[in-house]
Amino acid sequence: MNKLAQLWRIASHPRELRLALSGLGARLAGDDAMGGLSADETAAVCRWTSSGGVDVFVEIGTLFGFTARAVKAASPGVRVIAVDNFCWNPFGLKPDEHEAFAHRVLEGSGVELVRADAEEFLAGLAGRLDPARAMVFLDGSHAYEDVRRELALLKSAGAAVLSGHDYGNARFGVTRAVDEALGGVDEQCGMCWLKRAAR
Ligand SMILES: C[S@@+](CC[C@H](N)C(=O)[O-])C[C@H]1O[C@@H](n2cnc3c(N)ncnc32)[C@H](O)[C@@H]1O
């Protein structure tokens, strides 16, 4: 059975989906190469969102949607938008398969899934929502130049809260990009970071 068929079968059965989500969540938490957040990092992002005075949470690079789902469950009144161009996943799924699985994971959660490139989405941010009421979590490309461009777009849009993953991860260019563009962070939990815009 191919990988998508296996994942689809799991996603079609609520009990199996719950087990798979918890099992996969644990794998994502326990293995940086799997691309997800740890339980502590997820809890921090949920806490920052619920106490951040924001109406919208945007996750750039949602993978399968586990973090977006957790944020929405923790803050049902916050609009949650999950953005991904489906260029990478740890199982080697094709982009359409990856998107279909993320849709399945997010079904019924209230999370809006948008297939888009990060920079394209961020360039049009102000046309979709009020950036001054938004927290944006960057976890798509981890390349220095890409993160620099994403941060420049967010700063010019006036996003209220900037955040992301892989700050302090020596494998990527996130730390240098964040420090240069924002002069450091206000809060950190594991490799998650947060910076409130100066008002
Ligand atoms: C590390 S994973 C994200 C993990 C996710 N935030 C979580 O907490 O489970 C990176 C994701 O970013 C996506 N991605 C990478 N570059 C992107 C880009 N330029 N625009 C949109 N999505 C991108 C990949 O397809 C992948 O799904």
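Quick summary incoming for the structure in this document. (Residues numbered from 1 in each chain as written. Predicted model: local features only at pLDDT ≥ 70, side-chain atom pairs only at ≥ 80, totals over all residues.)

Let us now look at the packing of helix α3 (residues 39-50) against helix α4 (residues 66-74). Between two packed helices, what matters for the description is the angle formed by their axes and the separation of those axes. Relative to each other, α3 and α4 sit at 45°, their axes nearing to 9 Å. Between α3 and α4, the interaxial angle falls into the category oblique. Regarding α3 and α4, the two cross each other, and that crossing is right-handed. Residues Thr42, Val45, Cys46, Thr49 and Ser50 of α3 pack against Thr67, Ala70, Val71 and Ala74 of α4. Class assignment of the residues belonging to the contact of α3 with α4 gives a composition of 5 nonpolar, 4 polar and no charged. (Axes fitted to C-alpha atoms, helices over the stretch in contact; angles between N-to-C directions. Helix = DSSP H or I, 4+ residues; strand = E, 2+ residues; numbered from the N terminus. Parallel < 35°, antiparallel > 145°, perpendicular 65-115°, else oblique. Left-handed = near helix turned anticlockwise from the far one by under 90°. Contact = placed C-beta atoms within 7 Å. Nonpolar A, V, L, I, M, F, W, Y, C, P; charged D, E, K, R; others polar.)

Here the focus is the environment of Met135. Tracing the backbone through its elements, the reader meets Met135 in strand β4 (residues 134-138). Taking the C-alpha atoms as reference points, Met135 and Asp55, separated by 80 residues in sequence, lie 8.2 Å from one another.

Around the ligand there are 21 residues in total, and Gly35, Gly61, Thr67, Ala118 and Gly140 lie nearest to it. When contributions to the shell around the ligand are tallied by element, the ones reaching two or more residues are α4 and β2 (79-84). When grouped by side-chain class, the residues that make up the shell around the ligand number 8 nonpolar, 9 polar and 4 charged. (Near = placed C-beta within 6 Å.)

The subject of this paragraph is unusual backbone geometry. Phi angles above zero are rare outside glycine, and Leu63 is one such case at about 60°. Along the chain, the position of Leu63 falls in the loop between β1 (56-60) and α4. A tally of 25 C-beta atoms within 10 Å means that Leu63 is categorised as buried. Of note in this structure, Phe86 is not a glycine but carries a positive phi near 55°. For Phe86, the position within the fold is in the loop between β2 and α5 (95-106). (Buried ≥ 20, exposed ≤ 12 C-beta atoms within 10 Å, placed from the backbone.)

One open sheet holds the 7 strands; their spatial order is β3-β2-β1-β4-β5-β7-β6, and the pairing between them is mixed. If you trace the sheet from one side to the other, it starts and ends with β3 (112-115) and β6 (187-189), each paired once. Here the strands of the sheet are splayed against their neighbours by 15° on average, with no regard to which way each runs. In this structure, strand β5 (residues 161-164) lies alongside strand β7 (residues 192-196), joined through 4 bridges in antiparallel fashion. Of the residues in β7, the one forming a bridge with Ser163 is Leu194. (Pairing = 2+ DSSP bridges.)

So, about the nonpolar core. With 50 residues, the main nonpolar core has Phe57, Val58, Ala82, Ala134, Met135, Val136 and Phe137 as its most contacted residues. Considering every element that reaches this core, the biggest residue donor is β4, with 5 residues. Discounting residues that sit within four places of it in the chain, Ala82 has contacts with Glu59, Thr62, Gly65, Ala68, Leu106, Val111, Glu112, Leu113 and Val114. (Core = buried A, V, L, I, M, F, W, Y, C linked by C-beta atoms within 7 Å.)

Viewed as axis vectors pointing N to C, helix α8 (residues 144-157) and helix α9 (residues 174-182) meet at an angle of 35°, and their least axial separation amounts to 8 Å. The crossing of α8 and α9 is right-handed. Across the interface between the two elements, Tyr144, Val147, Arg148, Leu151 and Ala152 of α8 pack against Val174, Arg176, Ala177, Ala181 and Leu182 of α9.

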